[in-house]
Amino acid sequence: MFWQLELILFIFLLITALIALESKDLLVAAVMLTLFSFLMALLFTTMGAVDVGFTEAVVGAGVTGILLIVAIYQTTYKTED
Amino acid sequence: MTNRSPSPIILLGTRFLSPYIMVFGFYVIFHGHYSPGGGFQGGTLLAVSLLLIRIASGTQIANLQFKDYLATPYAALGVVIYFGTGLVAMIMGGYFLDYEQLPIPGLEAADLRYWGILIIELGIGLTVMTVLTLIYDNMVKGEDYA
Amino acid sequence: MKYLKLLLIIAFTLLLLFAASDLPYRGEADNQMNQEISMTGTPVPGNYYIQEAYNDAHTPNIVTVILGDYRSIDTLGEQIVIFTAGLIVFLLLRNRKEDEENDQ
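Reading the values: rules and limits
Residues numbered from 1 in each chain as written. Chains lettered and ligands numbered in written order. Predicted model: local features only at pLDDT ≥ 70, side-chain atom pairs only at ≥ 80, totals over all residues. Helix = DSSP H or I, 4+ residues; strand = E, 2+ residues; numbered from the N terminus. Buried ≥ 20, exposed ≤ 12 C-beta atoms within 10 Å, placed from the backbone. Contact = placed C-beta atoms within 7 Å. pLDDT = per-residue confidence, 0-100. Nonpolar A, V, L, I, M, F, W, Y, C, P; charged D, E, K, R; others polar. Core = buried A, V, L, I, M, F, W, Y, C linked by C-beta atoms within 7 Å. Axes fitted to C-alpha atoms, helices over the stretch in contact; angles between N-to-C directions. Left-handed = near helix turned anticlockwise from the far one by under 90°.

Caption draft 1: Representation of the overall build of chain A. Looking only at helices and strands, chain A has three helices and zero strands in total. Going from N to C terminus, chain A has its helices and strands arranged as α-α-α. By its C-alpha atoms, chain A is 40 × 20 × 10 Å across when sized along the principal axes. In chain A, which comprises 81 residues, the proportion classed as buried is 19%. Once local pairs closer than 6 in sequence are excluded, the contacts in chain A between residues at least 24 apart make up 51%.

In structure tokens form, the structure reads like this:
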């Protein structure tokens, strides 16, 4: 693959990870984590591991987001730190 | 989350989208011999198609699609399918999970391995689908999210 | 506390970059896992899988053959781990009948 594409994906990966770490709203953090998983799946695919990328896209960007949002609805939206 | 009126657009949209995701899940399981995929991915896609209805329309309508008390027996059935395939191969005279010894007549050894892999992928898919649905059903407490 | 967190992140990033600089390049033919004979003189199993996977199971996808046939007991362990996780969630978070009857 082109190394420029991988560099762009890595930069967006860092941005989504930092937003998920620093956000006050936990719903934003959950959505950013699913975006992180999807970019990670694209990176796995560019590295040639198609099976791992498929698993990451389905589990990380599909089911984990649903379970995180259900857990947020059970507790509270805001974080304190 | 308690006083939210259900939106008909979301209900209809998820009801249109869910069967296609389910068909794609079956495709991923049964086409895993030729393309990326397999039991884990296909089972997760089937679970996503069930969870979509569960999120959008609540437990009343979702129980028409998949009853929540059926989740634990089906998960155990998936483990029994996998373990039973290995046990049958062991009883017929081979090693544990040695698909060459499966009692399917009229096939050579390599084709027996093909069908053995397909059977265990079905078991994995059943377990993964029901376990993810089970986790969601038990995490949602009290109020309905419709 | 905030500066300590930032310092930890930067230190860990530098450590990971230093470790990654020694890794072999991805997909090179001279790498150790792509050789036919390993460093200790034993044959490498990946070599056998790539050559014989189609003849053993008539399946073009090598990953499926490895996960489902050569390493099938490992996959059985993964399935039992998932099943156990579901059972534990079911036993810990089960909420339906007894609680409602106790409330009334």
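Caption draft 2: Seen up close, the confidence of the model for chain A. Mean pLDDT over chain A: 89, with 98% of residues reaching 70 or higher. In the model of chain A, helix H3 (residues 50–74) of chain A stands out as the element of lowest mean pLDDT, 89, in contrast to helix H2 (residues 26–46) of chain A, which has the highest, 93.

Caption draft 3: A look at the interface of chain B and chain A. The partner chain A presents 14 residues to the 17 residues of chain B that form the contact. Counting residues per element, the ones that place at least two in the side of chain B that touches chain A are helix H2 (39–65) and helix H4 (109–139) of chain B. Here the side of chain B that touches chain A is built from residues that sort into 13 nonpolar, three polar and one charged.

Caption draft 4: Broad picture of the nonpolar core. The biggest cluster of nonpolar side chains holds 36 residues, and the ones touching the most others in it are Ala47(B), Val48(B), Leu51(B), Val128(B), Met129(B), Val131(B) and Leu132(B). Of all the secondary-structure elements, those providing two or more residues to this core are H3 of chain A, helix H1 (8–30), H2, helix H3 (71–91) and H4 of chain B together with helix H2 (45–57) and helix H4 (72–93) of chain C. Residue contributions to this core peak at twelve residues, all from H4(B). Those residues in contact with Ala47(B) that lie beyond four places of it in its chain are Val63(A), Val128(B), Met129(B), Leu132(B) and Thr133(B).

Caption draft 5: Examining the packing of H2(B) against H4(B) more closely. All names here are of chain B. At a minimum axis distance of 7 Å, the contact between H2 and H4 shows a crossing angle of 35°. Where H2 crosses over H4, the handedness of that crossing is right-handed. Contact residues: H2 offers Gly39, Phe40, Gly42, Gly43, Thr44, Leu46, Ala47, Leu50, Leu51 and Arg54, while H4 offers Glu121, Ile124, Gly125, Leu126, Thr127, Val128, Met129, Leu132, Thr133 and Tyr136. Classifying every residue of the contact of H2 with H4 gives eleven nonpolar, seven polar and two charged.

Caption draft 6: Representation of the interface of chain C and chain B. Each partner contributes to the interface: chain C provides 25 residues, whereas chain B provides 28 residues. Residue assignment for the side of chain C that touches chain B shows that the elements contributing at least two residues are H2, helix H3 (62–70) and H4 of chain C. Looking at which element gives the most residues to the side of chain C that touches chain B, the answer is H4(C), with twelve residues. For the side of chain C that touches chain B, the class distribution of residues is twelve nonpolar, ten polar and three charged.

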